Every structure is written in C-alpha cells, then in structure tokens.
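# Fold and geometry: a report
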Amino acid sequence: MPAVEAEVLGVRLRKRTREEAISTILEWLAQDRPRSVLFLHAATANLAFENSAYCAALGRCDLLLNDGIGVRWAARRSGVALPENLVGTDLLPQLLQAATRPLRLYLLGGAPGVAERAAACISSRFPIAQVVGVADGYFAPAEEHRVIEQIRRLAPDLLLVGMGNPRQELFIDRHVPHLGCKVAMGVGGLLDHYAGRLRRAPRWVRRLGLEWLQLLIQQPHKWRRYLLGIPKFLWRVFGVALRRRIAQCLIVGGSLLLAVAAAEAVVRAARPQILERY
C-alpha cells in the first residue's frame, strides 16, 4: 500500500487531495467543535526544524496542508507523492465556492486597514461569505485578550488569521479552544492579496513552483526568507542523504585502500621466499 504520511524536517504530513481538504473543512464548519487548519511550506518547515515548540504546534493542528513545491519534493524523498499544491490563496476561494450555506467570517491580520479592504473584496466576490468582524495584526501582547474576546463574542464560522509565521500558528494553537469559531485557519499574506497589496503570479509561474520569486519582487524585505531560507531547506532535506552517500563512499574507499595495503604487505613479506625458489 502506498505511503500516505510523509515526514518533512520532523513534521508529519498526511497525503490529501484538494477535494478531500475542502470536504473536511466544510464538514467541520457544520459542527461545533473548534478546529485548526495550518499550512506547511519551506519557511514553516525551517521554523519547525529550529524550534521544537513551533514544531509541536504544527503537530497538534487538526489539518496540516502542504504548500509549495519544496514540501512536495521533501515528501517524495520520504516516499510520499503529494498529488497537488494546497496553497491557501487557491484553497480559500474554492472553499467558499463549494459552501452551500452562508458562512460568517472574521479576518485577523495585516497592517491597519488591510483586513477592512480584504473584507470588502471577499464580500463582493463571495456573497455566501458574511464578514462579521476584522482586526489588524499589529496589536500588543497586552491587547491579545481584547481581540480574543471580540472574536468569541461574534462567534464566526471561519476565522482567517494572517499574522505571519510563526506568530499566527502559535496564536491559533494557544487560543483555538477559546475563540468561539468553528475553524481557525492560518492564511499568511492572503489578506494582503484580497486587499490588493499583493498580486498573484501568473499561472505558468505557479506551475513551475516559482511563485516565491513573484512574492520576493513585491516584498524585497523578506529576502532572507527566500534567498537564504530556500537553500537552507533544500540542504536540510537532501543534505542528509548527500552526507550519508559521501560517508558510504568514504567507507568503501577506505576499505579498498586498506585491502590494497594489506595485499601489498603480504606480497612484500612473501617476496624473499618467492625469490629463493627461483
């Protein structure tokens, strides 16, 4: 039976299709138990590799979805072929299009004014979505309780949290049982896309797995995440196998050298006896 669970830098990730992910979230939106949906991409995998508390938070979420070609490569390395890229920028509109009943949304994150503009865009594009509240992500730790209370009072079906990594995942992990929502989803820069601050890469760029380059052009201040983070992720995923292969080659080469040296010593020891015979 083909493997259905991959391990990416210590994070367990189940194989799912887009239809399975959307169906699961829609089922949860019809229930009362709070659930969490997070995404694993190269940057969050790097964070999980470096931070055990963050890795544990990803492990506790109810649904962890693969985002990006790097995670698909890493999963394939562990023997699991992930069928498609489940990036949240594509998944959310497909989720709202598949919904059959009105959904109450709360948008949390982005700079001041971003959530409001994103709410207007979502409401106009998806009549089934009713945005019941918004808040920017620039609140101090002392204000966190106020934000949580507002979300709980409004009791949205779907809470979209776009406060960057690792803050949004840790926020959801800590508070999802107390937020009063049915599903809390970490969406990164999704609110900026709907607010018009970020543009999606062309479809052919996304098919090549190069959407990160479009984001880098628009957000040059995140250059470390892409220009340093991606090579670091690839080295961590494939470097282990490379180091193992190099070690095997060194062991085999060393064994051959020892064998040659031993044979030469035997020949030298036996040489006088051989000469005496002739």
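Everything in this summary refers to the structure shown in the same document. The shown structure was predicted, so the numbers you read here are calculated from the model rather than taken from an experiment.

### What about unusual backbone geometry?
- The amide bond that connects Asn165 to the next residue, Pro166, takes the cis arrangement and shows omega of 5°.
- Residue placement: Pro166 occurs in the loop between β7 (158-162) and α8 (167-175).
- Despite not being glycine, Leu9 shows a phi value in the positive range, around 50°.
- As for its placement among the helices and strands, Leu9 is situated in the loop between β1 (5-8) and β2 (11-14).
- Overall, the relative accessible area of 14% leaves Leu9 in the buried class.
- Although it is not a glycine, Ala155 sits at a positive phi angle of roughly 50°.
- With respect to the helices and strands, the residue Ala155 is situated in the loop between α7 (144-154) and β7.

### Topic: the side chain of Arg16
- Summarising the element assignment, Arg16 is placed in the loop between β2 and α1 (18-29).
- Although Arg16 is buried, it makes no salt bridge; Glu20 carries the closest opposite charge, 5.8 Å away.
- Those residues in contact with Arg16 that lie beyond four places of it in its chain are Leu63, Leu64, Leu65, Pro83 and Leu86.

### So, the sheet that holds β7
- Within the open sheet, the six strands sit side by side as β4-β3-β8-β7-β5-β6. Their pairing is parallel. Since the sheet does not close on itself, it has two edges, and those belong to β4 (63-66) and β6 (129-135), each with one partner. If you compare each strand with its neighbour and ignore which way they point, the axes differ by 20° on average.
- Relative to strand β8 (residues 183-186), strand β3 (residues 35-40) is paired through three bridges, and the arrangement is parallel. Its bridge partner lying in β8, Val37 is registered against Met185.
- α7 contacts β5 (103-109), β6 and β7 of the sheet and is inclined by roughly 170° relative to β5.

### A closer look at helix α6 (residues 114-125)
- Taking 1.5 Å as the rise per residue, α6 with 12 residues should run 16 Å; its terminal C-alpha atoms sit 17 Å apart, in good agreement.
- Turning to α6, its buried residues number three or more, namely Val114, Ala115, Ala118, Ala119 and Ile122. One side of α6 carries all its buried residues, which in axial view fall inside an arc of 130°.
- The secondary structure elements touched by the buried residues of α6 are α5 (88-98), β5, β6 and α9 (190-194).

### So, the pattern of salt bridges
- Applying the stated rule across the entire model yields 14 salt bridges.
- Glu143 is the salt-bridge partner of Arg146, the closest N and O atoms lying 3.6 Å from each other.
- For Glu143, a relative accessible area of 34% gives the class partly exposed.
- Put simply, Glu5, Glu7 and Arg12 are held in one network by salt bridges that share partners.

### Things to note about the pairing of β5
- Summarising burial for β5: six of the seven residues are buried, a large majority.
- Taking the sense of rotation as the criterion, the β-α-β connection linking β5, α6 and β6 turns out right-handed.
- Bridging between β5 and β7 involves five bridges; their strand directions are parallel. Opposite Leu105, over in β7, you have Leu158 as the bridge partner.

### A short note on the environment of Val183
- Within the secondary structure, Val183 is located in strand β8.
- For the pair Val183 and Pro156, spaced 27 residues apart in sequence, the C-alpha to C-alpha distance is 8.6 Å.
- Among all residues touching Val183, those that are not within four sequence positions of it are Ile25, Trp28, Leu29, Arg35, Val37, Asp157, Leu158 and Leu159.

### Concerning the side chain of Thr89
- Structurally, the position occupied by Thr89 is in helix α5.
- Every residue in contact with Thr89, bar those within four places of it in the chain, is listed here: Leu190, His193 and Arg200.

Criteria and thresholds
Residues numbered from 1 in each chain as written. Predicted model: local features only at pLDDT ≥ 70, side-chain atom pairs only at ≥ 80, totals over all residues. Heavy atoms only, no water. Helix = DSSP H or I, 4+ residues; strand = E, 2+ residues; numbered from the N terminus. Buried < 20%, exposed > 50% of the residue type's maximum accessible area, 1.4 Å probe, protein only. Lys, Arg positive; Asp, Glu negative; His and termini not counted. Salt bridge = Lys/Arg side-chain N within 4 Å of Asp/Glu carboxyl O. Contact = heavy atoms within 4.5 Å. Pairing = 2+ DSSP bridges. Axes fitted to C-alpha atoms, helices over the stretch in contact; angles between N-to-C directions. Expected span 1.5 Å × (residues − 1). Arc of directions from axis to C-beta. Right-handed = clockwise from strand over helix to strand, strands pointing away.

Read these as geometric descriptors, not functional statements.
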